Structures are given as structure tokens and as C-alpha cells.
Amino acid sequence: MRELTYAQAINEALRQCMKEDERVILLGEDIGVYGGIFQVTAGLLNEFGPERVIDMPIAEAGFTGASVGAALTGMRPVVEIMFIDFTTVCMDMIINQMAKMHYMFGGRGKVPMVLRINIGAGRGAAAQHSQSFHALFMHIPGLYVAAPSTPYDAKGLMIEAIKNDNPVIFVEHKKLYVEKGPVPEEIYTIPFGEAEVKRKGSDITIVATHAMVIRSLRLAEEAAKEGIDLEIVDPRTLTPLDKVTILESVKKTGRLLVADEGHKTCGVAAEISAMVAEEGIFDLKAPVVRVCSPDTPVPFSPPLEQAYIPDVKDLLPAIKRMMEYA
Amino acid sequence: MATEVVVPMLGITVEKGTILEWMKKEGDPVEKGEIIFIVETEKVTTEVESPASGILAKVIVPAGVEVPVLTLVAVITEPGEELPAKYAALSTQVPPVEAEKVSQAEQVPTPMPHQVRPAEVAEAAPGGAIKVVPAARKLAQDKGLDLETVSGTGPGGIIVIRDVEAALKPGPELAAKVSTLAGRLAKKEGILLQGIEGTGVRGRIMRADVERVIEEATAPSLGKVIPMDSIRRVIARRMSESAFTAPHIYFFTDVWMDPLLNFRRDILPNFEEKFGLRLSINDLLIKAVALNILDFPLLNATFKGQEIYILPEVNMGLAVALPDGLIVPAIARADKIGLAEIIRQRADLVQRARSGKLSMDEIERGTFTISSLNQYDITYFTAILNPPQSGILTVGKTRDELTLVDGAVKEKRVTSFGLSVDHRIIDGTVAADFLQNLKWKLERPALTFLNL
């Protein structure tokens, strides 16, 4: 199968949906002429014109709110917020409008809208352009939260997000945009709430999101040399969360490590750990471990930033400790 | 480290016990699990095991003294260890003081009923609990393994899966589930431990279990002297107390059983399909008697000093015969609960009565008793009241009789019911009314059970 990058896979999903359905429109900063800060929307302005690929002023709350209105009145907007960091200025639009309308109109209105954001440190972009607080959106009822880790998942989840009648927060990862992988040419969807076991193993379950999936897969090769067999479960959507696949894996391995690039406290990993503690405690042979970003802002200094990003250097000692609980 | 020995909690309603006998003297070496004293309460006499191995350094409460449960009664020290000064000062002639109870209750963790305080736990982990990962705890629980016997090899000495698995392997498994003394006795008497039902914590085989097997193997024979065990002693005391303090009067009546038998047969398939439970005549009987008591509350009364207490709950005691005696667990609130719940409670109580796992509360809560010899070829019989209850119903065999109905000879199934009552509380006419009404109810099951 041909290979695309993660950015190209999302671009293809957008193009195919726009071709298929003229209600699909794009809004965002520098998404038209420039093609988006990570080139996810490259070429779409030429193909679909300025009425459907609309460059926005630097006013995130404004165009997020406009998109909620457009969605309520029949359009299917896909909004790009340049960095997750900027969603803070549109939280009222997201939490009080986008997530609530369907509920508050007693189901008679719907908001079929996708809000694209990206997380991840590692580009020297400092504390206001590198954050990973996607767990915030898991906390809000009414929002779906997609978290693709591969080009294949990115395309399938994006098409599902656009076709879905509910608001979706589509969380991309900066460091993954250039990662390549096989992507089918045709339109396909990945249902929400279906995790994928990215690697089968017997000793430790690693529930990993986004770039932590890639890092865990790399770790698995090193771990195999030491005789540790990792199973890597990628939830793919954080809301809804595929508890069954996670619990089945933990039942098999008896050990759980959750790897997510968000902060450790009250994060994605905290939620998944708590869920397993509630529903699968008697399968646990060892304490649950979370490998996440520290509870500090992302440092600007490149060496500090590298130390900050959770990766193999943090995962390897963690799994060795877990294996002491034989 | 010195280990305190306390009177264990013996049930929810038991507050105190009398030390009948010390099996060890001060200065004697004792082994963990060895019986060191016998304590008697209102309903049971229990052997108490030593919580630790060492020297019985100090007996604080001598035999014959009644003390509250959890009272400190002795101290065990390790060989060579001095008796700590705080214990040395305690008098051996302590009367049953309340102050003692309070100070000890504060220090001692509450043990489970029928269980000696697990002092070794405190030794193993100063935090108070054994450290064990959840999956290992679950495995141990499923397999009935006592975690106190497992040593942990995980980080910081935590018990991990491999420790439990190792402990469950054939050889060590048996060792873990048999008390030292039981093992020794079984070896001496040449008895196989396999197949012996343990009554200790999590099914651990105790010395009493082995003794029971030995006893069963040696049935009574002419000229043999049988020492009274604790159950027999309690039965003897309570039966004579009842027979000689409560003046008994007896009443009998024949109940036409065909309506009840047919009623059961008719509803049995539907009942089984709906609840997955098999309804017996006994269950219907329990319910009918409980309902009848609502009409005659005096039969739910007990005699205390100058007053008659009519008890607020109707808890129906059921006499269960055991190889070495008889025990009467009671179905709670038999008047209020449905038939399905009666069946569940009855099956559970009888099964646990046979395996010796009833709680004191289940034995003590009864307010009326049914004793059935329906399976025997006994026409009718009298019973001694189960004190402090005021009534007991006996059930004889169900027999065929011929009867004249409108001039024609018909076949009938008939059971004789007997009622013994405490004549101090209940007059003859009340007892007669009670039995007659019960007969009426049993012969009209559709009306009796209409609301269930």
C-alpha cells in the first residue's frame, strides 16, 4: 500500500469529505494561502475556493463560535486552532456552546463540527505553543475526543469525525505530522470507541496515546532483547474510551503502564489508571505506572525540553521496575 | 516481642466469656496454634489458640473468671525475653473489671468471630496489614490460601503472584492449610488429612477437626466412656435448664396434608423456573408458622424476671441434627420475607450448620423453633423448649389414613404436629388456639399464601 505522512492523511480525509459533501467547510488561521502551519490543508484552497477554505483573523473565540452557529444551521465546519494552547481563549465557545447545544435544545439541534488542534513538545516552541492539555476535553460531557497516532488512524478517524453528528475535538500531534505509514486511497472510517492493540505481548500492557504509541513501539524492541514482552494498546479515541480492550489486556498481562504526553496530574493517564483500579484491580500483579510529562510548563531550553518529553528514557526503567513484581 | 493474648470476639451478641480452663501454666512453652485456654459463653465453648510461639510468661485472668471479650488474659514472650514491666505489674487476680475492657479494647484490633487475633500479622508488617499485590490477594482468596503463611519476595517484601503460586504447589499447600497441632495429631493417629473439612480461618484444618474425625471413627459402644465435648456440655446444660425451669405443656393435632402437598406440587415448576430454587414443604411450613405467630404474639415471647418480653422480630429457628449434637440456626424475619428468601436462608443456614460455620447471631436470634422428624418413622413426639423461647413445634411423619367423607371411605395424608409451650407464659387455650389456627392455615394453603 502507498504511504502518506500523518499530515497528508488528514489532508486527504478533508479533501475526500469536501468532494463528497459541499457542507464541509474549513476555517482557521493561515489555512488557505499558506496551507496551514503544519501544511495539513495544503492545496485545498485551490481546489475548493475561498468560500469553503476560509482564512480567519487571529480571533479564535470568534471563528469557533461562528462555526458552532454554522454547524447548528446545517454546515459541517472543520476548524483548525493552530495550537491547543490557543483553545484557552475559546473555552466558552467550546465548553458552553459547542458541547452543550444538542443537550440544551433537547436533542432538536445538533453541532456536527470538528475542532482540530495539536499537542506535543519538541519543536523549541516554548511554554505557550507546546502544551498537551487534551485531557481537559475528556472532562467535558458532550465532546468526542479523537487521538490518532498513525496516518491510517488519522484519516479514518477524521472522516468519522466529519460524518459524525456530534462535536469532535480532533487532537493531532506535532511530532507525528511527518511520520509515514500505509493509508488506503478510498474513503474509510474508524468507529469511535475502538482501541487497537498496536503490538501483542504478554508481560506489560502499555496504554499509549499519540507519539507515546510510536515511542512505546520503539521501546518494545529494546524490551524484547531483555525478555520483556510488551502489549501496546492505543485507545484511538479518549472519549469514548474503549475500556473493554484495556481491561482485557490488563487481565492478560497483570501490569499496566499508561503513557501520555499530557501532565501527570489529572491527566489521561490518571483517568485510565483510575478506571482500571475500579474495574480491574484484582488482575493487577504490580502497581500501576504513569509515564507522562512533568507537572511544569514546557521548557524552552532544548536540553531541558528533551529531558521533559516522556520517551524511552522514562519508559525503560519503569517497565524494569514493574517486572520485579513477578 | 511480647504477644498479648485476648479473649476473642465470639459473635455479634456475645459480650463476655468465662475462662473454663487454662491448658498451659505460666512458664510453659507454647506453640502458635496450640490450644492454650478454653472459654465458655452462653452458647458455645471455644478453644482458643495461641497467637504466637514462645513462653506463656504471664496469666493475667485465671480460670473461672468471667471477663468481657477482647480482655487481655495472658502474655506470651519469646524465649529468653524479659516480661515487659507493664505486664508484670498486672495482677493475676483481676476480677471482671470494666476498666480493663476499655483499655484493652483500645489497643487490640477487632478480630473476626471465631478467630484468634492474628498477632503474627502485626509482627510481619508494622503497618498492621500484610503487603500483597491485588492479583496475588485475589488468587490466594480464590484458592483459600492463608496469606499469613506466605512470605513475600517482591520489592520491599510485598507478596507477589509467584509467592502465592509457590505456596499453592502441592506440598506446601497442605502445610499452609493445616495447623501444626492438627498435623501432628493426624500423623500420630495415622489419619489422612485429605478430605477432612477444616473449620479454621479459610478452611484451615484445626486440631478439633482431626479429633472429630477420630471421634466419628470410634462410635459409641457398650462399656465405653465418652468424655463430653463442648457441644455436648452446652446441650446438657441448656436442656436441663429448660426442662427444670420452664414448666412444659404439650398439645397435638393431626393436619390433613393433601392440600399443602398438592399446592406445592402445583406451584413447584413455575416457582423453580422463576427463582431457580426448589420449594420444600418445610419452607411452606416455616412461613405458615411465622404468619401464625403474628396472630399469637405470645408464642414469640420470652420470660425474664418478672416480665414477659414479646420480641419484635419473628426469627424461625430450625433444628439441624449434626453427628455430634444439634444446632438451631434461625431464619431472620420469616414473617416478612418471601418464600424464595426463606429457601435461600434455609439452605444456606443448614449447609453452614453442617460445616460448623454459623455465626453466634444466627444461632441466638431464634424466637420460635420448628423441629421436624418428618423423614423418620415417628408418628409424633414432644420437644424441650429451646431457651429462652416460649414455643417449639414438632413435626412427625406424613402417613396415609382412611377417613369417612360423606359416607365414603377416602384416603388421606396426615401429619401429627406437636406444640410444647412454656406454661409460665402461655395458657392452655392460647396454645390450643395457636395449633388449631396453624392446622387451619396448613389445610387451606391458597388462602394462607395468597399474599406471598
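Residues numbered from 1 in each chain as written. Chains lettered and ligands numbered in written order. Predicted model: local features only at pLDDT ≥ 70, side-chain atom pairs only at ≥ 80, totals over all residues.

(A) Local environment of the overall build of chain A. Along the backbone of chain A there are twelve helices and 14 strands. Out of the 326 residues belonging to chain A, those deemed buried represent 52%. In chain A, once contacts between residues fewer than 6 apart in sequence are set aside, the share between residues at least 24 apart is 79%. (Helix = DSSP H or I, 4+ residues; strand = E, 2+ residues; numbered from the N terminus. Buried ≥ 20, exposed ≤ 12 C-beta atoms within 10 Å, placed from the backbone. Contact = placed C-beta atoms within 7 Å.)

(B) Region of interest: unusual backbone geometry. Geometrically, the link from A:Thr239 to A:Pro240 is a cis peptide bond, its omega value of -5° lying close to zero. Counting through the fold element by element, A:Pro240 comes out in the loop between strand 12 (237–239) and helix 9 (243–253). A cis geometry characterises the amide bond from B:Pro387 onward to B:Pro388, with omega recorded as 5°. Note that B:Pro388 resides in the loop between strand 16 (368–372) and strand 17 (391–405). In this structure, A:Cys266 takes a positive phi of about 60° despite not being glycine. Mapped onto the elements of the fold, A:Cys266 is located in the loop between strand 13 (256–263) and helix 10 (268–279). According to the C-beta neighbour criterion, A:Cys266 is partly exposed, with 15 such atoms within 10 Å.

(C) Structural view of the pairing of strand 10 (residues 204–208) of chain A. Residue and element names in this part refer to chain A. When you tally the buried positions in strand 10, you get five out of five residues, the bulk of the element. Residues Ile204, Ile206 and Ala208 of strand 10 are buried on one face, and the alternating residues Thr205 and Val207, pointing to the opposite face, are buried as well. Bridging between strand 10 and strand 11 (residues 230–234) involves four bridges; their strand directions are parallel. Residue pairing for strand 11: threonine 205 is matched across the bridge by glutamate 231. With respect to chirality, the unit in which strand 10 leads through helix 8 (residues 211–225) into the neighbouring parallel strand 11 is right-handed. In the sheet, strand 10 pairs with strand 13 via four bridges, with the strands oriented parallel. (Pairing = 2+ DSSP bridges. Right-handed = clockwise from strand over helix to strand, strands pointing away.)

(D) Quick look at the packing of helix 1 (residues 6–20) of chain A against helix 7 (residues 151–163) of chain A. All names here are of chain A. Running from N to C, helix 1 and helix 7 cross one another at 30°; their axes reach a closest spacing of 8 Å. Relative to helix 7, the element helix 1 is oriented roughly parallel. Considering only the axes of helix 1 and helix 7, their crossing is right-handed. Residues Tyr6, Ala9, Ile10, Glu12, Ala13, Leu14 and Cys17 of helix 1 pack against Pro151, Ala154, Lys155, Met158, Ile159 and Ile162 of helix 7. (Axes fitted to C-alpha atoms, helices over the stretch in contact; angles between N-to-C directions. Parallel < 35°, antiparallel > 145°, perpendicular 65-115°, else oblique. Left-handed = near helix turned anticlockwise from the far one by under 90°.)

(E) A look at the interface of chain A and chain B. Each side of the interface is counted separately: chain A has ten residues, and chain B has ten residues. Tallied by class, residues from the side of chain A that touches chain B come to six nonpolar, one polar and three charged. (Nonpolar A, V, L, I, M, F, W, Y, C, P; charged D, E, K, R; others polar.)

(F) Region of interest: the confidence of the model for chain B. All names here are of chain B. On average, chain B scores 82 in pLDDT, and the residues at 70 or more come to 85%. For the stretch residues 93–127, pLDDT sits under 50, and the model shows 56 contacts to residues farther than four places along the chain or on other chains. In the model output, the complex is listed with pTM 0.52 alongside ipTM 0.76. (pLDDT = per-residue confidence, 0-100.)

(G) Structural view of the sheet that holds strand 5 (residues 114–119) of chain A. Residue and element names in this part refer to chain A. Taken in spatial order, the seven strands line up as 3-2-4-5-7-6-12 in an open sheet, and their pairing is mixed. The open sheet has two edge strands with one neighbour each: strand 3 (53–55) and strand 12. If you compare each strand with its neighbour and ignore which way they point, the axes differ by 20° on average. Here strand 2 (residues 24–28) runs beside strand 3; their pairing, made up of three bridges, is parallel. In the strand pairing of strand 3, glycine 28 is matched with aspartate 55. Strands strand 2, strand 4 (76–80), strand 5, strand 6 (144–146) and strand 7 (168–173) of the sheet are contacted by helix 7, whose axis makes an angle of about 160° with strand 7.

(H) Local environment of the packing of helix 11 (residues 281–295) of chain B against helix 12 (residues 339–354) of chain B. All names here are of chain B. Across the interface, helix 11 lies against helix 12 with an axial gap of 10 Å and an inter-helix angle of 115°. By the criterion of interaxial angle, the relationship of helix 11 to helix 12 is roughly perpendicular. The hand of the helix 11/helix 12 crossing is right-handed. Residue-level inspection shows Asp283, Ile286 and Lys287 of helix 11 in contact with helix 12, the latter providing Leu339, Ile342, Ile343 and Arg346.

(I) How the structure looks around the sheet that holds strand 15 (residues 330–331) of chain B. Residue and element names in this part refer to chain B. Pairing in this open sheet of six strands is mixed, and the strands run 9-18-17-16-12-15 from one edge to the other. Where the open sheet ends on each side, the last strands, each with one partner, are strand 9 (248–256) and strand 15. For strand 12 (residues 316–318) and strand 15, the ladder comprises two bridges, and the chain directions are antiparallel. Its bridge partner being in strand 15, methionine 316 is matched across the sheet by isoleucine 331.

(J) Geometry of the nonpolar core. Counting residues in each nonpolar core, the largest one holds 117 residues, and the members touching the most others are A:Val145, A:Met158, A:Ile169, A:Leu257 and B:Ala136. At eight residues, helix 1 of chain A tops the list of elements feeding residues into this core. The residues touching A:Ile169, leaving out its near neighbours within four places in the chain, are A:Leu115, A:Ile117, A:Phe137, A:Leu143, A:Tyr144 and A:Val145. By size, the runner-up hydrophobic cluster in this structure holds 43 residues, among which are B:Leu260, B:Val314, B:Phe368 and B:Val421. (Core = buried A, V, L, I, M, F, W, Y, C linked by C-beta atoms within 7 Å.)

(K) Examining the environment of A:Asn118 more closely. Residue and element names in this part refer to chain A. Mapping asparagine 118 onto the fold places it in strand 5. Residue class for asparagine 118 comes out buried when judged on the 25 C-beta atoms lying within 10 Å of it. Measuring from C-alpha to C-alpha, the distance between asparagine 118 and serine 132 comes to 8.0 Å, with 14 residues separating the pair along the chain. Those residues in contact with asparagine 118 that lie beyond four places of it in its chain are Phe38, Phe83, Ile84, Glu172, His173 and Lys174.

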